[in-house]
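Tertiary structure, described
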Amino acid sequence: MKKSMCLLLVVVLLTAVSGLAVAENVTLTLMYQNSGQETGENWMDDTIAMFQELHPEIQFELMNSTWGDQYLTQITTLMATGRTPDVFATWTSGRMAPFVEANRMADLRPFLENDPEFYSFLQEGPLASTTFGDGIYAIPHNLNSELIYYNKQVFDDLGLDVPETWDDFLHMIKVTKENGIIPIALGNAEIWTGTIIYMMLAERVMGLEAIEETMNGDRLWTDEGFIKTGELLQDLMAMGAFEANVNGISPDEARGKFMSGKAALWINGSWEIGVLNHQMGGENYGIFTMPEYPGGRGSADHQIVFADQAYAIGANCPHKEAAWEFIRFMFSPERQEALVRSQTIPATKVEVDPSTADPRQVEALNLMAGASGTMFPWDIPLGAFLGTEINKSVQLLYMGESPQRVMEQFQQTVNDAL
Amino acid sequence: MEIVIYKAKKYLGILLLMVLAISVIYPLAWTVVSSIREPTDFFQDPWGLPDEFDFSVYGKVWTEFNVKYALLNSFKLSTITVCVSLIFTLTASFAISRMRWRYSNVVLAFFLAGLMIPGHSTIIPLYLSLLPIIEVIGPKNTLLIPYIAGTLPISIFIICNYMQSIPASLEEAAVIDGCNVFQLFYKIIVPVSLPAVATVTIFNFLGVWNELMLGLVFLTRNVDQTLPLAMLRFSGRFGTQWSETLATVSIAVIPSVLLYLLLQEKLIKGMTAGSVKG
Amino acid sequence: MDKMLSNKLVILLFIAPALCLYALVVPYPLLKSIQYSFYQWNIVGVPKYVGLKNYIRLFTSDYVFVTALKNTALFTIGSIITQIPLAFILAVSLAKPTRLNKFFKSVYFIPCTISGAAVSLLWQFIYHPNMGILNSALNAIGLGSWTKTWLAEPKFALWAVVFSMAWQWFGYHMVIFITAMTSISPEIFEAAEVDGATGWKKIWYISYPLMKPFIKVSMILITTSSIKAFDNIYVLTGGGPANSSTVLALHMYNRAFRQLQFGYGAAIAVVLLVLCVVLTISLNKLFGTKNVDY
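Residues numbered from 1 in each chain as written. Chains lettered and ligands numbered in written order. Predicted model: local features only at pLDDT ≥ 70, side-chain atom pairs only at ≥ 80, totals over all residues. Heavy atoms only, no water.

It is worth spelling out the overall build of chain B at this point. A count of helical and extended segments in chain B gives 13 helices and two strands. Compactness check: chain B gives a C-alpha radius of gyration of 23 Å against a globular reference of 19 Å for 278 residues, more than 25% above the reference. With the C-alpha coordinates aligned to their principal axes, the bounding extent of chain B is approximately 75 × 70 × 35 Å. Buried residues in chain B amount to 58% of all 278 residues. Long-range pairs, those at least 24 residues apart, make up 73% of the contacts in chain B with a sequence separation of at least 6. With an accessible surface of roughly 11900 Å², chain B has 69% of that area assigned to carbon and sulfur atoms. Of note, chain B has its 18 positive side-chain charges centred 11 Å away from the centre of its 16 negative side-chain charges. (Helix = DSSP H or I, 4+ residues; strand = E, 2+ residues; numbered from the N terminus. Rg over C-alpha atoms; globule rule 2.2 N^0.38 Å. Buried < 20%, exposed > 50% of the residue type's maximum accessible area, 1.4 Å probe, protein only. Contact = heavy atoms within 4.5 Å. Areas by Shrake-Rupley, 256 points an atom, 1.4 Å probe, with all protein chains shown as cover. Lys, Arg positive; Asp, Glu negative; His and termini not counted. Charge placed at Lys NZ, Arg CZ, Asp CG, Glu CD.)

Per the counting criterion, the structure on display carries 19 salt bridges over all chains. As a salt-bridge pair, C:R258 and A:D69 come within 3.1 Å of each other at their nearest N and O atoms. Placement of the pair is C:R258 in helix α13 (residues 248–258) and A:D69 in helix α3 (residues 69–80), with the two residues belonging to separate chains. One continuous salt-bridge network, built from bridges that share partners, spans A:E61, B:R221 and B:D224. (Salt bridge = Lys/Arg side-chain N within 4 Å of Asp/Glu carboxyl O.)

Residue and element names in this part refer to chain B. Domain parsing of chain B yields domain 1 (1–54) and domain 2 (65–275). Inter-centroid distance (C-alpha atoms) of domain 1 to domain 2 is 33 Å. Contact residues are listed per partner, giving eight residues for domain 1 and seven residues for domain 2. Interface area for domain 1 against domain 2, summed over the two sides, is near 630 Å², with a carbon-plus-sulfur share of 79%. Interface area lost by domain 1 to domain 2 is led by T31, V32 and S35, which between them contribute 52%. Where domain 1 meets domain 2, there are zero salt bridges. Joining domain 1 to domain 2, the criterion identifies zero residue pairs in polar contact (both at pLDDT 80 or more). Going through the elements one at a time, α1 (2–35) and α2 (39–44) are the ones with two or more residues in the side of domain 1 that touches domain 2. Considering every element that reaches the side of domain 1 that touches domain 2, the biggest residue donor is α1, with five residues. (Domains from an automatic or database assignment. Buried area = accessible area lost by both parts, 1.4 Å probe. Polar contact = N/O pair within 3.5 Å; in protein donor to acceptor, adjacent residues only side chain to side chain.)

Taken together, the side chains of A:D161, A:E164, A:D167 and A:D168 make up a negatively charged region of the molecular surface. By the secondary structure assignment, A:D167 is in helix α9 (residues 166–178). (Patch = residues over 30% accessible without salt bridge, like charges linked within 9 Å, V, L, I, M, F, W, Y side chains within 5 Å.)

For the structure on display, the rule yields 56 aromatic pairs over all chains. Through successive ring pairs, a cluster of aromatic residues spans C:Y36, C:W41, C:F230, C:Y234, C:Y253, C:F257 and C:F262. Just above the ring of A:W91 sits the side chain of A:R95; from NZ or CZ to the centre is 4.7 Å. The ring of A:Y285 has A:R360 lying over it, and the distance from NZ or CZ to the ring centre is 5.9 Å. (Phe/Tyr/Trp six-rings, centres within 6.5 Å; stacked < 30°, edge-to-face > 60°. Lys NZ or Arg CZ within 6 Å of the ring centre and 35° of its normal.)

This brings us to the packing of helix α18 (residues 383–398) of chain A against helix α19 (residues 403–417) of chain A. Residue and element names in this part refer to chain A. Where α18 meets α19, the axes come as close as 9 Å, and the angle between the chain directions of the two elements is 165°. One element, α18, and the other, α19, form an angle in the roughly antiparallel class. Considering the relative orientation of α18 and α19, their crossing is right-handed. Of α19, the residues touching α18 (which contributes F385, L386, E389, I390, S393, L396 and L397) are P403, V406, M407, Q409, F410, T413, V414 and A417. Residues belonging to the contact of α18 with α19 are distributed by class as follows: 11 nonpolar, three polar and one charged. (Axes fitted to C-alpha atoms, helices over the stretch in contact; angles between N-to-C directions. Parallel < 35°, antiparallel > 145°, perpendicular 65-115°, else oblique. Left-handed = near helix turned anticlockwise from the far one by under 90°. Nonpolar A, V, L, I, M, F, W, Y, C, P; charged D, E, K, R; others polar.)

Among the structural elements, A:D115 can be located in the loop between α5 (109–113) and α6 (116–121). The residues contacting A:D115, other than those within four sequence positions of it, are A:W324 and A:R328.

The next point concerns the sheet that holds strand β1 (residues 26–31) of chain A. All names here are of chain A. With mixed pairing, the five strands of this open sheet are ordered in space as β2-β1-β3-β12-β6. At either margin of the open sheet sits one strand with a lone partner, and together these are β2 (58–63) and β6 (139–140). Here six bridges tie β1 to β2, and the two strands are oriented parallel to one another. What sits directly across from M31, in β2, is M63. Sheet contacts for helix α15 (residues 320–330): β1, β2, β3 (87–90), β6 and β12 (310–313); angle to β12, the most-contacted strand, approximately 165°. (Pairing = 2+ DSSP bridges.)

Opposite the 26 residues of chain A that make contact, chain B presents 25 residues. For the pairing of chain A and chain B, the buried interface totals around 2400 Å² over both sides, and the portion due to carbon and sulfur atoms is 54%. Remark: the boundary between chain A and chain B carries one salt bridge. Residues A:E61 and B:R221 are paired through a salt bridge, measuring 3.0 Å at the closest nitrogen-oxygen approach. Here chain A is connected to chain B by seven residue pairs in polar contact (both at pLDDT 80 or more).

With that settled, consider the environment of C:F287. Residues and elements named next belong to chain C. By the secondary structure assignment, F287 is in helix α14 (residues 262–287). Here the alpha-carbon distance between F287 and G51, two residues 236 residues apart in the chain, equals 38 Å. Those residues in contact with F287 that sit more than four places away from it in its chain are K212, I215, K216 and M219.

Grouped burial of nonpolar side chains is what soluble globular proteins tend to show. One finds B:F94, B:F218, C:Y108 and C:F177 to be the most contacted residues of the largest nonpolar core, which totals 250 residues. It is helix α9 (residues 157–183) of chain C that contributes the most residues to this core, 15 residues altogether. With residues near it in sequence (within four places) discarded, C:Y108 still touches B:L17, B:L20, B:A21, B:V24, C:L90, C:L94, C:F170, C:G171 and C:M174. If you look at the next biggest cluster of nonpolar residues, it comprises 56 residues, including A:I148, A:Y150, A:F169 and A:I196. (Core = buried A, V, L, I, M, F, W, Y, C linked by side-chain atoms within 4.5 Å.)

Moving on to the interface of chain B and chain C. Interfaces are often sized by the accessible area lost when the parts come together. The partner chain C presents 78 residues to the 82 residues of chain B that form the contact. At the boundary of chain B with chain C, the tally comes to zero salt bridges. At the boundary of chain B with chain C, the tally comes to 12 residue pairs in polar contact (both at pLDDT 80 or more).

Take a look at the structure:
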């Protein structure tokens, strides 16, 4: 009897031990944006493959076949119905808020606090855009800034220098225009692209603080600064800074004009670096920031910087530990170095070696690091609805509508939405 | 002289018809041919003829981009929808058009009203109402429910009209021969309605084969994708990848055109007798 | 036999599967979305009742709605005038079942078998400003000055979509009309010829009136599908540039799914539904319900 009891005990112990050693098989659903062509994507494929070598017990069920609007439609439906994926890409800030408010994302703060080394590896700034109340609901994946790209060939041919003052900037527009070159390529068929230059100008006119106050609702959109900016934009249009029909031109087309030297400047995000390097050659273009506006309150060191993609864990994910393990691997120094190589600017404190990294990327990173103040592109904190509305409002400015009326209309929309 | 004018008119007419036919066929043939051209060659002269064929893009979309799943899924969903819908449609149409009861017209009107509903607005409530079923059988299988339901209005409309045109004498003869109501249905009425069945089959097959929006919302897993979704994924942030797009479009278009060519005689007969009787 | 065909239990057995499935899936979500049109709802959160606010905003301060409404009307009218006359003429020309006619008939129907998304991707390439066949063809015949960035110009974008839709659907209506033609008995034509009617007179005085009910069906089909049109516009232009090709269904999708205002989107959907019903009834009235008999 005793013997058999002993045997039983041994068997029980053995099972328990083996249970610890061989973790049970887990399948995680993983959802992220993928248009089948971006440079960063092989990074994700590699990350998954490498992670599975380390953790053969964790399998993935992928949902990565959509991008943009279609991704938004899919993820929103899943959120609405509570069928949230285990690990998924989300937007940040205002565009993430509805999902957090509906309790669809797990709070990652406990995980982070258990793991101070990893916590300190993440940059605070981007992390703030996924923090709501006490909780941190996603880990920001990439950093972007909005930049002015210039075509070196065009600048050389016309004897132009990189504009440092507002007068330089106007001079540059005049000279390029006179020589039959489009000063600024703009493909506003994607309406957020036209808002970038408006935001840059608004900062130089009003300063960061005034804009932050507006975002917080302490200042109206009918503020004279926004109207003044609208007028400034329309002055530039009158000078011929853009083509006639910018709202009808796609970003692809505008980029094409910039790369072929039909246009001198191209204003867009830092994610364009990869494409430009690939299609134009990194040595053929440069980067600068909008000069200060005389009498304005902004600074040339103020920049538009943001994290737009972040990774979250579903609130009802049954394998949160495994999911967290994967996120930790994504954001490990090793994988972050690979991310830099894929020409994405990481949101972690990974060391970027200036001697091996892409020079344009280093340039953008340095600009970011040297910024004395930053703001988000407005459509992110404003959220899905107002974010689109502000872009549409700026689009009206390009159609020549009066800035006063446009901003009054937008303020009305803001009031209605509350 | 008159004969000359008549002939000239006739040949001019045929010429115009030919031009129209070419304008229909050429873009489609171009799609298939371009998908197997070398991408660089293709971009230099997109509308020219190929020097050599390059099937590698098919391999790429087939394996890397899950088009093999998409083809299979589209095929499964379309076929099951067609079959189940036919059973439901035939029985319901028989009850509405051949049996005698007071509310048959009301029921028919109820089905037909479905044609007016703007589909996209009901997707979220639909998904929410199907949630208990999704939890059990998964979103891909659940999607069959709205697909089948969605085919019912037009199918019942076409088959009812067709069945109404069957003379009552046929029925009487069958009953005199000793048929009961079930035998009357599957031995007499269904076989006579076959042209309309062909019409409905092809319409429903194509309807599901080409459906985009419900698929987008229900089918989030890669392995659940259908062809219309697979087609659109190559239009992204950095412009459209034409070779991949054209290959996927070809994979989607060839079966549907073949099915149509196979069934076209019956299809037109079914439409003739059924679909449009005012 | 009457008794056999009015057996309640059998009727129920036959009608129940279709009716139950349909009733489960169609009316409930529709009623639900009508209900949501009185709410403010971001899809994931808790809906908030706002009464008629969505409708008031829709009709008083939504300038995109006005554009979308106008575009939907243009789109519908454009689709009718590009599809029905062509389909009618083809039906008249191809009514005789010769071999050649059968061939043309089969070819013209092919585009109907292809998805809106595929057709639109194809036309995106046809309209491509540099590589597209339309501009290449214009250049080739010496009309280089007519070339346009078709999908990027507010004046042309909507019509570019209308044209691609016409390419896809003219064959469908042609088949409907051929069907109608074959149902007219040849004796009527013979009688008319005796009375001295020829060519177009024959078509106008005999074919057209007899085909009126079929034209009505085609009109209703085009109208309801144009009002609900989404796939082609979404893929081809996305409603742009500057909303110049936005239609109601797209505006609804943008509001409900891109801007997460599902309640507002539902209100647009209700307007769509009402439009569909009203126009179908009016078209029925306009064309009369009586069939013409000779």
